[in-house]
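This is what each chain is made of:
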Amino acid sequence: MANTLEIKEQFKEDFKRRIVERYGRPLEQAHITEKYMTLGEMVRDYASINWSDSKNAVAESKSKQMYYFSMEFLMGRLLTNNLMNLGVYDVVKEGLAELGIDLNELEDLESDAGLGNGGLGRLAACFLDSLSSLNLPGNGNCIRYEYGLFKQKIVNNEQVEVPDQWLSLGNVWEVRKPKHAVDVKFGGHVDMWMGEDGKAVVNHYPSLVVRAVPYDVPIVGYDTKVTNTLRLWSAEVADDACDAASLNEYVNEVREICRNVYPDDSTEHGKKLRLKQEYFFVAAGLNNIIKTHMETYGTLSNFAEKNAIQLNDTHPVLCIPELMRILLDEYKMEWDEAWNITKKTMAYTNHTVLSEALEKWPIQYVQELLPRVYMIIEEIDRRFKYALSHEFGRTDLINECAILKDGQVHMANLAIVGSHSVNGVAALHTEILKNDVLKNFYEIYPSKFNNKTNGITHRRWLLYSNPQLTKLLEKTIDSDFKKHPEKLENLMKYVDNEDLQKEFMEVKMERKKILAKYIKDTLNIDIDVNSIFDVQAKRLHAYKRQLLNIMNIMHLYFKMKEDPSYRIYPRTFIFAAKAAPSYTFAKEVIKLIHCVADKVNNDSDVSPFMKVVFIPNYGVSIAEILMNAADVSEQISTAGKEASGTGNMKFMMNGAITLGTMDGANVEIVERVGMENAEIFGLRADDVALIHRENSYDVWKKYHQNPEIKRVVNSLIDNTFSSDPKDFKLIYNELMFKNDEYLLLADFEAYVHAQNRVEERYKDRKGWARMCLVNIAQSGYFSSDRTIEEYAKEIWNIESVKM
Ligand SMILES: *Cc1c(COP(=O)(O)O)cnc(C)c1O
């Protein structure tokens, strides 16, 4: 084993040589993007040795593999992560410094791989990191979107969406694999007849054939050689284009499949495109897995013993009928055997209880786009209904649980019927699924249901994004926690240590200064690093209640303006959130936040005590500097609506206090840290359910009872924050004329009160630091390593790769 010095010298030589080879000029004349690309390629090539060894090890051991099918992987940047996981970060940083290159500048050139919307996609990315780091054979399957989720700009206080050209410098991590390309067929018609062997012969004459070409990205584990694969499928023209009207039209039709993360679904064309995307990556991924399996085993009868597929929400649920189609039509298997294999292979994760988010497709779309797959869905539905009456004796559930009804395909129902495991993503969420949303299915299939509380990779979200805190923890409890995050609990012994408390507050101050500098550089806003950093960073959605947060700010503003003797402890309210492009309410809330910020930040009476900052373009890289600078973590969803949340875990792990409702994983955070180390307020999930059941809520009563609520609500429409009378009318109407569906006014007083308690507690610096340390100490449970170990043992039945 060469020593560090030799490795460093070798690295420097290689780096210089590669620049010349690739760009035909010496290092001194190379452009910074060329240096970034060269470093990225070197890291990838270095990882490739382990990558190839991993593939061989898995193939030789013939061990079971897991495939995580997800429409979204919110990967963020990979350079730092890969250098760190490979254990060469320091050597590379020093080597580059000796060549006069600042590694941080190269890191900043990388575009975020923003192949997703939010929590669901980020979960998939954290899972990949944990799989490799735990030596487990697990791979991702997704689409290679040409544009990531839109970039958010703010123009005149409003969100403007700009295309995210994340591939403009190329993607150094991917390797195109044309030899693994497969054709995916859409539309047309199906012929069926009885073959000589008495089995059905099925011929699909498609109207569109698309070539799916995979781009593989190595997923480097921490302190291990095991390197898994994220396979991203790209649509290209096929040799056999079928009856496309014209070549141009065909090329367009192909290209739009992989263009955007979430095609605009306000039109029929956009909706159908989304369905096309879903089938595209499912069919490509699955056909590829089958091919590999057949090459190794020559039979599919052991398919479920060797392959597990996890369906991340319902987007990849066409996996179920597609696997049936392959087994029945291409491999001539009998229905019962094919069905057993399919159920044993598939497992489904539910991510939402919001009924409007449960995916349904018009039968007509599915029939037109996927005629053969639709026939199979019909047969699954028919047999399921038969089983309901003949096996389960539950004819009463036939309509409730049907896969096909009201002219639609109910994807969650298909997912549950066609898989052996259905999991929720936090304890409370799973209980709500069992007792409410999926109650009927729970009665039929109680043993399918299980919980897997989400997690986050502590490597990205603690070790790499917060080196200051990591160093303090290493000094205090030794470095075992890096490999075994549950060891963070050793910190409990020291939470009363006043030196440690002080050192923690210094680390927090350092992180706050880094964030303050970013805010100054990008928004030219000065914020007070001694103020409380109160952060709400997540997608903008009514149920997440950013509106409740800004209403408290409006309330504080009025109170300070009215009473010059009333002053709060200085606080910086920080928001970061993207709104879906067609979600007008959410966009209006973004505008309201900006308008309130304008008023508050420019009022010299109040601005020394409060500032409101909206950080545009929230994504993984911004989260990496935002979460760890927070004192207060805003997790204020209407109880029962947030399935889990993972932002809450990132904040906790970096020593912020949860100001939240008893919702999602907040419940489990509080279970671990104790009520006294969080600030919990508001209605509980069962209160909310009762209110809805009894229809007992009257928003106007709240409004008339409390003059402070009245003042805040009125200010939405009396030109206090905007001179345009159209502004915020929509928000006002949602609250007052739709009976405040998410119960903001019902929780308002409790929230204001909780915010006051936060302030009181912050003034006790030692008590506050102790609270933060308890949160860090208890956060190990929320490492995605724990989550993945549970999936691996209880659902996938996979074992670690021996290398
Ligand atoms: C963690 C994360 C999320 C999820 O946040 P929630 O508060 O759980 O909704 C969304 N987006 C990004 C970029 C994240 O890093």
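Residues numbered from 1 in each chain as written. Predicted model: local features only at pLDDT ≥ 70, side-chain atom pairs only at ≥ 80, totals over all residues. Heavy atoms only, no water.

So, the overall build of the protein chain
Here comes step 1: The secondary structure content of the protein chain amounts to 33 helices and 25 strands.
Here comes step 2: Here the protein chain has a C-alpha radius of gyration of 27 Å; the compact-globule value for 803 residues is 28 Å, and the two agree.
Here comes step 3: Projecting the C-alpha coordinates of the protein chain onto the three principal axes gives extents of approximately 95 × 70 × 55 Å.
Here comes step 4: In the protein chain, which comprises 803 residues, the proportion classed as buried is 60%. (Helix = DSSP H or I, 4+ residues; strand = E, 2+ residues; numbered from the N terminus. Rg over C-alpha atoms; globule rule 2.2 N^0.38 Å. Buried < 20%, exposed > 50% of the residue type's maximum accessible area, 1.4 Å probe, protein only.)

Looking at the pairing of strand S8 (residues 182-186)
Here comes step 1: Burial along S8 is one-sided: Val-182, Val-184 and Phe-186 are buried, while Asp-183 and Lys-185, pointing the other way, are not.
Here comes step 2: Looking at chain direction, S8 and strand S11 (residues 208-220) are connected through five bridges and run antiparallel. By the bridge assignment, Lys-185 is partnered in S11 with Val-209. (Pairing = 2+ DSSP bridges.)

So, helix H29 (residues 707-714)
Here comes step 1: For H29, the complete set of buried residues consists of Ile-709, Val-712 and Val-713. The buried residues of H29 all sit within an arc of 95 degrees when viewed along its axis, so they share a single face.
Here comes step 2: Looking at the buried positions of H29, the neighbouring elements they touch are helix H22 (546-562), helix H28 (699-705), helix H30 (729-736) and helix H31 (744-763).
Here comes step 3: Where H29 begins, the capping side chain belongs to Asn-706, and its oxygen is found 2.8 Å from the backbone nitrogen of Glu-708. (Arc of directions from axis to C-beta. Contact = heavy atoms within 4.5 Å. Polar contact = N/O pair within 3.5 Å; in protein donor to acceptor, adjacent residues only side chain to side chain.)

Concerning the packing of helix H23 (residues 584-601) against H30
Here comes step 1: One can describe the packing of H23 onto H30 by two numbers: an axis separation of 9 Å at closest approach and a directional angle of 115 degrees. The chirality of how H23 crosses H30 is left-handed. Packed against H23, whose contacting residues are Thr-584, Phe-585, Glu-588, Val-589 and Leu-592, the element H30 presents Lys-729, Leu-730, Ile-731 and Glu-734 at the interface.
Here comes step 2: Classifying every residue of the contact of H23 with H30 by side-chain character gives five nonpolar, one polar and three charged. (Axes fitted to C-alpha atoms, helices over the stretch in contact; angles between N-to-C directions. Left-handed = near helix turned anticlockwise from the far one by under 90°. Nonpolar A, V, L, I, M, F, W, Y, C, P; charged D, E, K, R; others polar.)

Side note on the sheet that holds strand S15 (residues 360-362)
Here comes step 1: Read from one edge to the other, the open sheet built from three strands follows the order S15-S17-S16, with strand pairing classed as antiparallel. With partners counted over all chains shown, the strands left at the sheet margins are S15 and strand S16 (404-405), one partner each.
Here comes step 2: Alignment of S16 against strand S17 (residues 408-410), held across two bridges, turns out to be antiparallel. Within S17, the residue paired with Lys-405 across the bridge is Gln-408.

A look at the site of the ligand
Here comes step 1: Taken together, 16 residues lie around the ligand, and Lys-538, Lys-544, Thr-646, Gly-647 and Lys-650 are the ones closest in.
Here comes step 2: Lys-544 is positioned such that a nitrogen or oxygen atom in its side chain is 2.8 Å from an oxygen atom of the ligand.
Here comes step 3: Note that an oxygen atom of the ligand is positioned 3.0 Å from one of the backbone N or O atoms of Gly-647.
Here comes step 4: Relative to its unbound accessible surface of 390 Å², the ligand loses 96% to contact with the protein.
Here comes step 5: Taken together, the residues that form the shell around the ligand break down as six nonpolar, six polar and four charged. (Near = heavy atom within 4 Å. Areas by Shrake-Rupley, 256 points an atom, 1.4 Å probe, with all protein chains shown as cover.)

Description of the packing of helix H10 (residues 319-330) against helix H13 (residues 371-390)
Here comes step 1: Interhelical geometry of H10 versus H13 gives an angle of 100 degrees and a closest axis separation of 9 Å. Accordingly, the angle class assigned to the pair H10 and H13 is roughly perpendicular. Contacts from Ile-320, Pro-321, Glu-322, Met-324, Arg-325, Leu-328 and Asp-329 of H10 reach H13 at Arg-372, Val-373, Ile-376, Ile-377 and Ile-380.
Here comes step 2: Here the contact of H10 with H13 is built from residues that sort into eight nonpolar, no polar and four charged. (Parallel < 35°, antiparallel > 145°, perpendicular 65-115°, else oblique.)

What to know about the side chain of Asp-329
Here comes step 1: Secondary-structure assignment places Asp-329 in helix H10.
Here comes step 2: On the basis of relative accessibility, which here comes to 13%, the residue Asp-329 falls in the buried class.
Here comes step 3: At 2.6 Å, the side chain of Asp-329 forms a polar contact with the side chain of Arg-372.
Here comes step 4: Other than its neighbours up to four places away in sequence, Asp-329 contacts Val-202, Met-324 and Arg-372.

Things to note about the sheet that holds strand S21 (residues 571-576)
Here comes step 1: If you trace the six strands from one edge of the open sheet to the other, you get S22-S21-S20-S23-S24-S25, paired in parallel fashion. For this open sheet the edge positions go to strand S22 (610-614) and strand S25 (679-680), each flanked by a neighbour on one side alone.
Here comes step 2: The pairing of strand S23 (residues 632-635) with strand S24 (residues 657-660) spans four bridges and is classified as parallel. Of the residues in S24, the one forming a bridge with Val-632 is Ile-657.
Here comes step 3: Running at roughly 145 degrees to S22, H23 makes contact with S21 and S22 of the sheet.

Overview of the nonpolar core
Here comes step 1: Of all hydrophobic cores here, the largest spans 139 residues; its most connected members are Phe-15, Leu-39, Phe-186, Phe-280, Phe-441 and Trp-796.
Here comes step 2: Counting 132 residues, the second-largest nonpolar core is a separate cluster that includes Val-507, Val-529, Leu-659 and Phe-681. (Core = buried A, V, L, I, M, F, W, Y, C linked by side-chain atoms within 4.5 Å.)

Brief notes about the packing of aromatic side chains
Here comes step 1: Counted under the stated rule, the structure contains 22 aromatic pairs.
Here comes step 2: A centroid spacing of 6.4 Å and a plane angle of 75 degrees characterise the contact between Tyr-68 and Phe-73, whose relative ring orientation is edge-to-face. In this pair, the class of Tyr-68 matches that of Phe-73, namely buried.
Here comes step 3: Consider the rings of Tyr-442 and Phe-449, whose centres lie 5.5 Å apart with planes at 80 degrees: the pair is edge-to-face.
Here comes step 4: Among the aromatic residues, those joined into a cluster by ring pairs are Tyr-68, Phe-73, Phe-127, Tyr-791 and Trp-796.
Here comes step 5: In this structure, Arg-144 packs its charged tip against the face of Tyr-215, placed 4.0 Å from the ring centre. (Phe/Tyr/Trp six-rings, centres within 6.5 Å; stacked < 30°, edge-to-face > 60°. Lys NZ or Arg CZ within 6 Å of the ring centre and 35° of its normal.)

Digging into unusual backbone geometry
Here comes step 1: Here the phi dihedral of Lys-62 falls at roughly 50 degrees; this positive angle occurs in a residue that is not glycine.
Here comes step 2: Tracing the chain through its elements places Lys-62 in the loop between helix H2 (32-61) and strand S1 (65-69).
Here comes step 3: Of note, the phi angle at Asn-719 is positive, near 70 degrees, even though the residue is not glycine.
Here comes step 4: Mapped onto the secondary structure, Asn-719 falls in the loop between H29 and H30.

Brief notes about the UniProt feature "modified residue: N6-(pyridoxal phosphate)lysine" (unreviewed entry) in the protein chain
Here comes step 1: Within the UniProt annotation, "modified residue: N6-(pyridoxal phosphate)lysine" (unreviewed entry) is assigned to Lys-650.
Here comes step 2: Among the structural elements, Lys-650 can be located in helix H25 (residues 647-653).
Here comes step 3: We classify Lys-650 as buried; its relative accessible area is 6%.
Here comes step 4: Discounting residues that sit within four places of it in the chain, Lys-650 has contacts with Arg-122, Ile-456, Trp-461 and Met-627. (UniProt positions renumbered as here; feature names shortened; annotations may be inferred.)

As for the environment of Asn-307
Here comes step 1: The residue Asn-307 is located in strand S13 (residues 307-312) in this model.
Here comes step 2: Filtering out sequence-adjacent residues up to four positions away, Asn-307 remains in contact with Lys-64, Gln-65, Tyr-67, Ile-289, His-293 and Thr-345.
Here comes step 3: A polar contact is formed between the side chain of Asn-307 and the side chain of His-293, at a distance of 3.1 Å.

Topic: the pattern of salt bridges
Here comes step 1: Across all of its chains, the model carries 68 salt bridges by this definition.
Here comes step 2: In this structure, Arg-325 engages Glu-330 in a salt bridge whose closest nitrogen and oxygen atoms are separated by 3.1 Å.
Here comes step 3: For Glu-330, a relative accessible area of 42% gives the class partly exposed.
Here comes step 4: When the shortest N-O distance is used, the salt bridge between Asp-336 and Arg-383 registers 3.6 Å. In this pair, Asp-336 sits in helix H11 (residues 335-345) while Arg-383 sits in helix H13, placing the two residues 47 residues apart along the sequence.
Here comes step 5: Here Asp-336 falls in the exposed class, since its relative accessible area comes to 52%.
Here comes step 6: Through salt bridges with shared partners, a single network forms among Lys-8, Glu-9, Lys-12, Glu-94 and Glu-98. (Salt bridge = Lys/Arg side-chain N within 4 Å of Asp/Glu carboxyl O.)

Some words on the side chain of Asn-171
Here comes step 1: Note that Asn-171 resides in the loop between strand S6 (158-164) and strand S7 (175-176).
Here comes step 2: Here Glu-174 takes part through its side chain, which lies 3.2 Å from a polar atom of the side chain of Asn-171.

So, the environment of Gly-664
Here comes step 1: Structurally, the position occupied by Gly-664 is in the loop between S24 and helix H26 (666-673).
Here comes step 2: Using a relative accessible area of 0% as the deciding quantity, one classes Gly-664 as buried.
Here comes step 3: C-alpha separation for the pair Gly-664 and Ser-637, spaced 27 residues apart in sequence, amounts to 9.0 Å.
Here comes step 4: The residues touching Gly-664, leaving out its near neighbours within four places in the chain, are Ala-426, Leu-428, Glu-642, Ala-643 and Ser-644.

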